Protein chains: 2
Amino acid sequence: MRSDRESTTTRVGVPEQRDPTYHRNMPPATSSRGKDPASTRGGASSKSERTRERIVDATARVLNSRGYAGTRLSDIAAIAEVQAPAIYYYFSSREELVEEAVSVGLQRTMLLMREALDEVPESATPLQRIRVAVAAHLNTLLTHSEHSAAAVRTVAQLPQEMRDRQLTAHRAYIDVWRGLLEDARAAGEIDPDLDLRAALMIVLGALTWTVEWWDPDQGSLDRVIATAQSLIENGLSATAPSAA
Amino acid sequence: MRSDRESTTTRVGVPEQRDPTYHRNMPPATSSRGKDPASTRGGASSKSERTRERIVDATARVLNSRGYAGTRLSDIAAIAEVQAPAIYYYFSSREELVEEAVSVGLQRTMLLMREALDEVPESATPLQRIRVAVAAHLNTLLTHSEHSAAAVRTVAQLPQEMRDRQLTAHRAYIDVWRGLLEDARAAGEIDPDLDLRAALMIVLGALTWTVEWWDPDQGSLDRVIATAQSLIENGLSATAPSAA
DNA sequence: TATTGATTCGAATCTAGATTCAAAACAAGA
DNA sequence: TCTTGTTTTGAATCTAGATTCGAATCAATA
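Position numbers for residues start from 1 in each chain and track the written sequence from start to end. The lettering of chains begins at A and the numbering of ligands begins at 1, in the order of writing. Under the rules for a predicted model, residues below a pLDDT of 70 receive no local features and side-chain atom pairs below 80 are neither given nor counted, while totals for whole chains, interfaces and linings still include all residues.

A. Layout of the protein's contact with DNA strand D. The criterion for a residue being near a molecule or strand is simple: its C-beta atom, placed using the backbone, must lie within 6 Å of it. Close to DNA strand D lie 18 residues, the nearest being Ser48, Gln83 and Pro85 of chain A together with Leu73 and Arg94 of chain B. Helix and strand labels come from DSSP, where a helix needs a run of H or I of at least four residues and a strand needs a run of E of at least two; each type is numbered from the N terminus. Looking at the surface near DNA strand D, the elements with two or more residues in it are α1 (47-70) of chain A together with α2 (73-80) of chain B. Here the residues of the surface near DNA strand D are counted per class, giving nine nonpolar, seven polar and two charged. Asp, Glu, Lys and Arg are counted as charged, while Ala, Val, Leu, Ile, Met, Phe, Trp, Tyr, Cys and Pro are counted as nonpolar; the rest, among them Gly, fall into the polar class.

B. View of the relation of the copies chain A and chain B. Superposition of chain A onto chain B requires a rotation of 180° combined with a translation of 0.0 Å along the rotation axis, giving an RMSD of 0.0 Å. The transformation relating the two chain copies, once decomposed into turn and shift, fits a two-fold axis. When the interface residues of chain A are mapped onto chain B, 100% of them again fall at the interface, so both copies present the same face. Copies are brought into register by a least-squares superposition over C-alpha atoms of residues with pLDDT of at least 70 in both. C-beta atoms are placed from the backbone for every residue, and two residues are taken to be in contact when these atoms lie within 7 Å.

C. Looking closely at the protein's contact with DNA strand C. Around DNA strand C, 19 residues are found, and the nearest of them are Leu73 and Arg94 of chain A together with Ser48, Gln83 and Pro85 of chain B. Of all elements in the fold, only α2 (73-80) of chain A together with α1 (47-70) of chain B reach the threshold of two or more residues within the surface near DNA strand C. Of the residues assigned to the surface near DNA strand C, the class counts are ten nonpolar, seven polar and two charged.

D. Focus on the nonpolar core. The nonpolar core is taken to be a set of buried Ala, Val, Leu, Ile, Met, Phe, Trp, Tyr and Cys residues joined by way of C-beta atoms within 7 Å. Note on burial: count the other C-beta atoms lying within 10 Å of the residue's C-beta; 20 or more is buried, 12 or fewer is exposed, in between is partly exposed, and C-beta positions come from the backbone. In terms of nonpolar packing, the biggest core is built from 110 residues, with Ala228 of chain A together with Ala228 of chain B touching the most fellow members. Apart from the residues within four sequence positions on either side, alanine 228 of chain A is in contact with Val134, Leu138, Ala206 and Leu207 of chain A together with Ile202 of chain B.

E. The arrangement of the interface of chain A and chain B in detail. Between chain A and chain B, the contact holds 35 residues from the first and 35 residues from the second. Secondary-structure elements contributing two or more residues to the side of chain A that touches chain B are α1, α8 (196-213) and α9 (221-236) of chain A. Counting residues per element, the side of chain A that touches chain B draws most heavily on α8 of chain A, which supplies twelve residues. Here the residues of the side of chain A that touches chain B sort into 16 nonpolar, 13 polar and six charged.

F. Geometry of the confidence of the model for chain A. All names here are of chain A. In predicted models, pLDDT denotes the confidence assigned by the predictor to each residue on a 0 to 100 scale. Residues of chain A with pLDDT of at least 70 account for 80%, and the chain-wide mean is 84. Ignoring residues within four places in sequence, the model shows residues 1-26, a span with pLDDT below 50, making 32 contacts including any to other chains. Counting contacts from residues 28-42, a segment whose pLDDT is below 50, to residues more than four positions away or on other chains yields 13 contacts.

G. Spatial organisation of helix α7 (residues 160-186) of chain A. All names here are of chain A. Here α7 is 27 residues long and its end C-alpha atoms lie 37 Å apart, about the 39 Å a rise of 1.5 Å per residue gives. Bend at a given residue is defined as the angle between two axes, one fitted to the seven residues that end at that position and one fitted to the seven that begin there. Of all bends in α7, the biggest is about 35°, found at glutamine 166. Met162, Gln166, Tyr173, Leu180, Leu181 and Ala184 are the residues of α7 that are buried. Taken from the residues just after α7, glycine 188 is the one with a positive phi, measuring 70°. To estimate how far a helix should reach, multiply one less than its number of residues by 1.5 Å.

The following block contains the structure:
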């Protein structure tokens, strides 16, 4: 069952052509002491890195409940247990922080999905792979990463530029799903009359929206996953459109 | 195909126990000249009423793209083609305005759903009624009422108190759906093993999320509706869990 | 056309929240 | 302990956006 909760280190696709004065000071993980330069991914180590991580995590949390515009630095600071100005030691602006949270979310969503799919045995049918994808998506959104949830739900609200930058990653994720559906259709497991694009988005919507209502106390995650899998598998499956 | 777009008159469930100084001035439709006092519902008439309507409509629009916190009076004003202060002639605060937009949205969603279901012939099976509900929900969200979309998608972001007030209406709507599913299950049309609550929310999520991606230019609404109906009907249906 | 209430608007006020600054507080090595 | 670079912070500054005000503008009616 994996560690506890992934860390938060991947750097935002820094706006290439911006003014050079970008970082006033030097956000740790980037250079400072020659520590372990290979730290592109996992768990934070130095105290500093952990603080940074707490901040990004907090951002995701707030983003989730308040939406893009409603995300205040003061709230983030409170959750991360620092003073608001401390945030500026790590990020040069609210926007940059938010974008990193979203970016991390999208990457993590993709990563967890890939990992899940990689574990599926070759012999599996496309439809079985879809079941796995459903479980992965829900697991990620509902328990593994608040970032993912924040990302997926917030993209639409982001200010133009930022959204455009993140859209790429978002598309890539959707493409994975599209691939799954296409395979299934090719294998004749899916109702060939289905509008694939629409079906895809409908399925993804169903999964994503869970964040809005799922409550750990209301019913187990596994139950939700099972329900979703069943609903989706049956929904997509080719059928004899007769039955009264 | 009905008029063009419903109007916007129903008043927000005014916070019963608040200070009496609530309305500084007298929002038209409420009293002013003894016009037609029976105007509790439909199309606006006086110029004033239409302005008010434009404002609420604009609010819904902004709410949709920017989320609760991101909804600025200046944007609303721009869309409604008035100066921001003009809004205060009709509403005593941003909050009140937003709440009305949401409230109207919820009521309209419910109304359109009821109308749609009322037209279904007695003879229809529960599953057929669900198909109708699916179409109604999508029609409402995607074309008949930006308010509905705003309402359904925004409730979660609203500040506590406001949300609590609107939650009632929201629940009522969900209950309609619950009823539909329960009937279908009772009639043996639905897989009896399905977790009804989860299934319900998953279906509703799938439908609601459409607002996030549907683009009139990308594919017709009817196509989306058809896809959703098929997906949902098959998904819910009782099945012989065998088939390779 | 003079009068009065209904509407709308430009300019001024207020406030929350982002951002900046200079001075602590800390940590690790000399 | 002293020195230096890293982190964090309290207090001050700045700005966008909500809200308030008093003065127009309008419309209908006496």
